[in-house]
Amino acid sequence: MKVVIIGASFAGVSAALAIRKKYPTAEIHLIEKQQTIGYLPGGINLYFNERIDPIETAQFISEQQLIDNEITLLMSAKVVGMDSKQHIIKYEKQDEDFFMSFDKLILATGSSQWSQKILGSDSEKVLKYKFLPGVLDAINHLENSNKVALIGGGQIGGEAADTLLKKGKEVHLFERMDYLLFKYFDEEMIQPVQAEMAARGVMFHFDETVEKVTDTDEGLLIETKKSELVCDSAIFAMNVRPDLAYLDEHIRTHTDQTVFVNEYLQTSQADIFAIGDCIQVPYSLSKETFYIPLVNNAVRTGLVVAQNLVEATTPFVGSIRTIGTKLVDYYIASTGLTEAEGLFHDQPISVAHVQQKSSLFSGSETIFGKIIYEKESHKLLGAQLVSKADILEKINTLALGIQTGQTLEAFYQKDFLYHPYYSNVIDITNQLGFEGLWSEADED
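Residues numbered from 1 in each chain as written. Predicted model: local features only at pLDDT ≥ 70, side-chain atom pairs only at ≥ 80, totals over all residues. Heavy atoms only, no water.

For the chain, an unreviewed UniProt entry supplies the name Oxidoreductase and the organism Candidatus Enterococcus palustris. Quoted verbatim from the Sequence similarities (unreviewed entry) field of UniProt, the annotation for the chain is "Belongs to the class-III pyridine nucleotide-disulfide oxidoreductase family." (UniProt positions renumbered as here; feature names shortened; annotations may be inferred.)

J.: Talk me through the overall build of the chain; I want residue IDs and the actual numbers.
T.: Summing up its helical and strand segments, the chain has 10 helices and 25 strands in all. The globule rule puts the C-alpha radius of gyration for 444 residues at 22 Å, and the 23 Å found for the chain is close to it. Scored against the burial criterion, the 444 residues of the chain give a buried share of 51%. At a minimum sequence separation of 6, the contacts of the chain that also span at least 24 residues come to 62%. By element, 49% of the accessible surface of the chain is carried by carbon and sulfur atoms, the whole surface being about 20700 Å². (Helix = DSSP H or I, 4+ residues; strand = E, 2+ residues; numbered from the N terminus. Rg over C-alpha atoms; globule rule 2.2 N^0.38 Å. Buried < 20%, exposed > 50% of the residue type's maximum accessible area, 1.4 Å probe, protein only. Contact = heavy atoms within 4.5 Å. Areas by Shrake-Rupley, 256 points an atom, 1.4 Å probe, with all protein chains shown as cover.)

J.: How would you summarise the sheet that holds strand 2 (residues 27-31) if you had to cite specific residues and measurements?
T.: Pairing is parallel in the open sheet, where 5 strands are placed in the order 3-2-1-7-18. Each of the sheet's edge strands pairs with one partner strand only, and the pair in question is strand 3 (71-74) and strand 18 (272-274). Strand-to-strand, the axes of this sheet are offset by a mean angle of 20°, without reference to chain direction. Bridge analysis of strand 2 against strand 3 gives 4 bridges, and the strand direction is parallel. Paired with Leu30 across the strands is Leu73, a residue of strand 3. Running over the sheet, helix 1 (residues 10-22) touches strand 1 (2-6), strand 2, strand 3 and strand 7 (104-107) and is turned about 170° from strand 2. (Pairing = 2+ DSSP bridges. Axes fitted to C-alpha atoms, helices over the stretch in contact; angles between N-to-C directions.)

J.: Kindly report on helix 1, identifying the contributing residues and their values.
T.: The terminal C-alpha atoms of helix 1, which comprises 13 residues, lie 18 Å apart, in line with the 18 Å expected from a rise of 1.5 Å per residue. Summarising burial for helix 1: 10 of the 13 residues are buried, a large majority. All buried positions along helix 1 are accounted for by Phe10, Ala11, Gly12, Val13, Ser14, Ala15, Ala16, Ala18, Ile19 and Arg20. Lining the buried residues of helix 1 we find strand 1, strand 2, helix 3 (63-68), strand 3, strand 7 and helix 7 (295-308). (Expected span 1.5 Å × (residues − 1).)

J.: Before we move on, could you go through the UniProt feature "domain: Pyridine nucleotide-disulphide oxidoreductase dimerisation" (unreviewed entry) in the chain and cite the residues and values that matter?
T.: When the UniProt feature table is mapped to this numbering, "domain: Pyridine nucleotide-disulphide oxidoreductase dimerisation" (unreviewed entry) covers residues 327-426. Note that residues 327-426 is 14% helix and 34% strand, and that its end C-alpha atoms are spaced 26 Å apart.

J.: Outline the packing of aromatic side chains, supporting the account with residue identities and numerical values.
T.: For the coordinates displayed, the defined rule picks out 8 aromatic pairs. Measuring from centroid to centroid gives 4.9 Å for Phe204 and Phe206, while their planes differ by 10°, and the two rings are stacked. Phe206 sits in the buried class, given a relative accessible area of 17%. Between Tyr412 and Phe434, the aromatic rings sit 5.3 Å apart at their centres with planes inclined by 50°, giving tilted as the arrangement. Taken as a pair, Tyr412 in the loop between helix 9 (408-411) and helix 10 (428-443) and Phe434 in helix 10 lie far apart in primary sequence, 22 residues in all. By relative accessible area, which is 31% here, Tyr412 ends up partly exposed. Each member of the aromatic cluster is reached from another via a ring pair, and the members are Tyr412, Phe434 and Trp438. Over the ring of Phe260 we find Arg252; its NZ or CZ atom is 3.8 Å from the centre of that ring. One cation-aromatic arrangement involves Lys414 over Phe411; the distance from NZ or CZ to the ring centre is 5.8 Å. (Phe/Tyr/Trp six-rings, centres within 6.5 Å; stacked < 30°, edge-to-face > 60°. Lys NZ or Arg CZ within 6 Å of the ring centre and 35° of its normal.)

In structure tokens:
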């Protein structure tokens, strides 16, 4: 069996390694348009925070590791066309055209940072650092910039703001919504983090959509309907979009140009699959699908596609949008539905808040927690945690509870470790379930 995978980022690499395990004799070809593989998109923050040096070490896998797994690598090769009926792809390398046949094809070309709506966003001073060449440019530009604009207030924008503050830069963050990280947090939960960022110097421009970026003699002019700002450089920190110009007409797509796949990640052509940032993923809490380019989704789809390559056996369970990071000394984590999104849930929801110390003896930081659940069934829907103690791993427990359909009653009895030095008497995850029940009792 000859398997061709287009794209060697998280999704493509995880698929290649999983297929090698499941099919030891398969011929696996991994095609990548970049000159290098395995770059971590968040590597620039690790570099500026002096966690790695040089930047090239921000890799999750090396070429040699893939070669050791008998995976054939084709670098600096851009796929430009395909004939899905004849099982042939066309690619360019060093200005020459080549063709390759396949038995099974996996589309894992990921996504690119671009915007058709922001005029001038293709300027060299609007930095995009998803790939290593862009990162090298960004490092040079940012070292020589005093005033930087961030376009987008999601996780990428928040982490970039935190990093630039540490570098002593003047930071302006533009966000079309009225608070930071709105996809993942309700406003009252992220407010302490946002206030701390403002206190340290981040100038927020909420409710402002960047419409135009112009390279002038004075600097980079950022224009919204409300304001204009001249800065030295800008960082494009908005959502990425899939990079699928090579598809032929037989591959069905959604209106947002993502590839349509069934629950087994199979496209409209039986021997062609799509994974990672090429597709919408099912939302585990409803029958909807949505575009949410997260690394954990990319890796999991890569693993699942290997199971379904020859026979459809394993549906992809979908995503509940679990994230975690650290901003201005706060660890923040979120999973599942927010309270604001509860308006669109088909059942009435309730919420409960919890505050407790991180442990009895080893730390006195407060954990702020919130749980969102169905009012009648008590089924868990979402959770958010904010603390100066490292609570990131706890969100995975909450995510598992949500994804497995647990209720408040089941969750507050969840077995947990206790140690007086490292934990509290009641774990925050149990406490959230318990507080949800008590909130119901209070209402009664």
